[in-house]
Structures are given as structure tokens and as C-alpha cells.
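# Residue-level structural notes
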Amino acid sequence: MRTTLTLDDDVVALTQRVRDASGRSLKATVNEALRLGLTGMLKPAEPTRRPYRTPSVDLGRCLVGSLDDVAEVLANAEDERFS
């Protein structure tokens, strides 16, 4: 079948690189690329991996009364008197 395609610039560049590396014609390169791409598009999607979960660690009790006041927490951490 003969048809006309408008290819994006990046696709043309990749096609030329593959063609130069393989030494095949433009027609053979495009047909192989379409064959591989379209076959891959028909395959079912691979199952997604389970999300990674960070293991929890017990850090003990909170050493400051409240974490709402950052200045107070920093002062306590640096052993400063906070008024």
C-alpha cells in the first residue's frame, strides 16, 4: 500500500539514526518500526508493581510538649531558654 505520512521532526531524526546504523532503506526501517511499535501497543499492559512502603520505626515519646511552635521546639533542641 502506498500512502503519505507527515512525521514529526524527532521521529524523522530517530528514523534517520536507525537507518544509518542498520544500513537499511527508509521503507524497511519505517516498516520495522511500525511493526514493532504496533505489536507492542497490542500487548496488554504490564501489571503495575506494588507501591514501596517505608518501614515504620518507633522513635519513642515526643520530647517536647507541643510541635505547634517551631521556635520553641528549636530552642528546646538547642537547650536555650525560651520566654
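Everything below is about the structure shown above.
My aim in this report is to walk through the structure given alongside it, one point at a time. (Residues numbered from 1 in each chain as written. Predicted model: local features only at pLDDT ≥ 70, side-chain atom pairs only at ≥ 80, totals over all residues. Heavy atoms only, no water.)

Okay, the packing of helix H1 (residues 9–22) against helix H2 (residues 26–42) next. For the pair H1 and H2, interaxial distance at closest approach is 10 Å and the crossing angle is 115°. In terms of their interaxial angle, H1 and H2 are classed as roughly perpendicular. H1 and H2 meet at a crossing whose hand is right-handed. Across from Thr-15, Val-18, Arg-19 and Ser-22 in H1, the residues of H2 making contact are Leu-26, Thr-29 and Val-30. A breakdown of the residues in the contact of H1 with H2 according to their chemical character gives three nonpolar, three polar and one charged. (Axes fitted to C-alpha atoms, helices over the stretch in contact; angles between N-to-C directions. Helix = DSSP H or I, 4+ residues; strand = E, 2+ residues; numbered from the N terminus. Parallel < 35°, antiparallel > 145°, perpendicular 65-115°, else oblique. Left-handed = near helix turned anticlockwise from the far one by under 90°. Contact = heavy atoms within 4.5 Å. Nonpolar A, V, L, I, M, F, W, Y, C, P; charged D, E, K, R; others polar.)

On to the layout of surface pockets, then. Taken as a whole, the largest pocket holds about 420 Å³ of empty space. Around the largest pocket, the lining is made up of 15 residues, and of these Thr-3, Leu-5, Lys-27, Val-30 and Asn-31 lie nearest the centre. Elements with a contribution of two residues or more to the lining of the largest pocket: H1 and H2. Examining the composition of the lining of the largest pocket, we find that five residues originate from one element, H2, more than from any other. Within the lining of the largest pocket, the residues separate by chemical class into seven nonpolar, five polar and three charged. Roughly 220 Å³ of internal volume is contained in the second largest pocket. As for the second largest pocket, its lining consists of 13 residues, of which Thr-15, Thr-29, Val-30, Ala-33 and Leu-34 are closest to the centre. Going through the elements one at a time, H1 and H2 are the ones with two or more residues in the lining of the second largest pocket. Take the lining of the second largest pocket: its biggest share by element is six residues, from H2. Taken together, the residues of the lining of the second largest pocket sort by class into nine nonpolar, two polar and two charged. (1 Å grid on protein atoms, 1.4 Å probe; cavity = no way out; pocket = protein on both sides within 12 Å on 5 of 7 lines; lining within 4 Å. Points joined across faces, edges and corners; volume = space filled by probe spheres on them.)

Here we come to the side chain of Thr-15. Checked against the element boundaries, Thr-15 lands in helix H1. Setting aside residues up to four positions removed in sequence, Thr-15 forms contacts with Leu-26, Thr-29 and Val-30.

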